[in-house]
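# Structural overview
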Amino acid sequence: MQVVTSPLRIGIAGLGTVGAAVISLLDRQSADLAGRIGREIRVTAVSARDKGKERGIDVARLPWFEDAVALAGSREIDLFVELIGGEGGMALEAVEAALRSGKSVVTANKALLAKHGMRLAALAEEKGAALAFEASVAGGIPIVKTLREGLAGNSIERVYGILNGTCNYILSRMELEGLSFEQCLREAQALGYAEADPTFDIGGFDTAHKLAILTTLAFGTAIDAGAIAIEGIERVTLADLEAAAELGYRIKLLGVAARTAAGIEQRVHPTMVPRSSAIAQVMGVTNAVTIDADAVHELTLVGPGAGGAATASAIVADIADIARGVRTAPFGRPVATLATAPYAPMQLHEGGYYIRLSVYDRPGAAAAIATRMAERSISLESIVQRRRKGSGSEATGAVPVVLITYATHEQTIRQALDAVVADGYIAEKPQVIRIERE
Ligand code: HSE
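Quick look at the structure, then. (Residues numbered from 1 in each chain as written. Predicted model: local features only at pLDDT ≥ 70, side-chain atom pairs only at ≥ 80, totals over all residues. Heavy atoms only, no water.)

According to the stated counting rule, one finds two cavities of 30 Å³ or more in the structure shown. Considered as a void within the structure, the largest cavity measures approximately 100 Å³ in volume. Taken together, Ala130, Leu131, Ala132, Arg148, Asp318, Asp321, Ile322, Val326, Arg327 and Thr328 make up the full set of residues lining the largest cavity. Put simply, the parts of the chain that give the lining of the largest cavity at least two residues each are strand 6 (131-132) and helix 12 (308-324). (1 Å grid on protein atoms, 1.4 Å probe; cavity = no way out; pocket = protein on both sides within 12 Å on 5 of 7 lines; lining within 4 Å. Points joined across faces, edges and corners; volume = space filled by probe spheres on them. Helix = DSSP H or I, 4+ residues; strand = E, 2+ residues; numbered from the N terminus.)

Here we take up the site of the ligand. The ligand sits among Lys110, Asn164, Gly165, Thr166, Tyr193, Ala194, Glu195, Asp201, Asp206, Lys210, Gly305 and Ala306. Glycine 165 is positioned such that a nitrogen or oxygen atom in its backbone is 2.7 Å from an oxygen atom of the ligand. In the complex, the protein chains occlude 90% of the 260 Å² of accessible area that the ligand would expose alone. The set of elements that each furnish at least two residues to the shell around the ligand consists of helix 7 (165-177) and helix 10 (205-219). (Near = heavy atom within 4 Å. Polar contact = N/O pair within 3.5 Å; in protein donor to acceptor, adjacent residues only side chain to side chain. Areas by Shrake-Rupley, 256 points an atom, 1.4 Å probe, with all protein chains shown as cover.)

Counting buried residues along strand 7 (residues 156-162), six of its seven residues qualify, which places the element largely inside the surrounding structure. The pairing of strand 7 with strand 9 (residues 249-260) spans four bridges and is classified as antiparallel. Its bridge partner being in strand 9, glycine 161 is matched across the sheet by glycine 255. (Buried < 20%, exposed > 50% of the residue type's maximum accessible area, 1.4 Å probe, protein only. Pairing = 2+ DSSP bridges.)

Here the focus is the pairing of strand 13 (residues 350-360). Burial runs high along strand 13: nine of the 11 residues are buried. Here strand 13 pairs with strand 16 (residues 408-409) via two bridges, running antiparallel. Opposite glycine 351, over in strand 16, you have threonine 408 as the bridge partner. With five bridges joining them, strand 13 and strand 17 (residues 431-435) adopt antiparallel strand pairing. Considered in strand 17, the bridge of tyrosine 353 is made with arginine 434.

If you want it as C-alpha cells, here you go:
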C-alpha cells in the first residue's frame, strides 16, 4: 500500500449553509480525521459570490478566489468541492475544469449530476480522478455508498424513498395539524428546507434528480432524468389525507425505481403507502430510502435529508475516501458499461390506484362509474361515497366518491377516467394517487 503523508489540500466553491458547515466540521474533526485516514485534510482556498457575508466561520485566513473555475484548476488544491449549485453554468464549468486537470471532485449537486453525470463520470474515469456525490441524495443518509458498495453482491428489484424533506414536511404538517398546503410551504421555506425555487421541491423535480442518480447506482443503467414520470404534491388536499388515513394509508411523495417486465420504471408522485410500513412512519423533514434486493430482502435507511451539518457529514465522508486514495467508478461501474436500454413508459405501470371523484349526487352516477371501470376489467377493492363537506362541494352540489382499485395499468385507469369524465357526472378533474405495495 502506498502511504501518503502530505496533507490533502481542498478548495471549496460555494460558502452557503452547507459550505460553512463543511469548514466547521473539518475544523472540529481535524484530529480525528487525520487519525482515521493517516493524513491531514486542510482547506487551502475558497470561493464564493460575496466575500463580506457573515457566515459564522473565519474564512479571512484562507486564500480567496473570485472565480470558482480558477480555483478548480489551481495548483494550490488537490481536491475541489463544488457547492455552487445549479445544473450548469459556473458549477459545471468548475467541475469540468477540476476533472480535466486531474483533480478529484466532491459535489452535492444533484441537478448537475442528473443532467451531466454520465459525461462527468466518464471524464473522471479517463483522468483517474474521483467524482463523489454522497451528499447529492438524501443529505446525511449514506445511500450512495450503500448502493454502490454495501449492496454490490445484490440484485436490486426496487429502490424507493422520501427524497425531499420539504414535501415530507408539508404532507406531515397538513395531515397532523390540518393546515393548508400554502401555510406549510411557507413554514418549510422559513425553516430553510426548500430549494431557492420551491417549485423544484413541490413539483417533484428535486426528487427526480435524486432518483435519477439512485436508479443508475441500483440498476446499472445510464442516467436519464428525462425518462422519469413526475408529479408533484400541489394537488394533494386535506380530503385526500383524511381519506388515506381512513383507508389505512399515508400519502408520501416518493421517488420509485423498479425492475418491471417492461424495463426499469422511474417515477415520482404522491403515493399511498400502507400506514404500517416503515416509510409511512417517516414524518417531517426526514428522508428515507428502502431497497428491495435479493440477498438482504429489504433495507430501509432513515435520516436527515437536508441541513448544513447532515449534508456536510456526507461531503466529509467523500473527502475522507478520496484522501485515502479510493477511486471507485462514480456510478459503481465504468460509464461505458452502463446499459442505455429505454426505461419503461409510465403507461405500462401496474399497481393499485386511489381515485377521488367529485360526483354530482344524481341517480345512476355511481353505477355509471362502476360500469366504466368494469368495461376495462378494473377490479374495485372499495367504492365509498363520502359525506358532503366543504364549500367547494356544496357550491357544485357534488359529493366526494373514493375508489380503491386492485392492480391495473396506468393507461387503463386513464382511459376509464376519460370515459367517466365524458359521462358528465363529475364536477372536477379526478384525483388519482398511486398505491405502492410493500
Ligand atoms: N430542498 C431539499 C429538500 C434539500 O427539501 O429535501 C436537500 O436536497
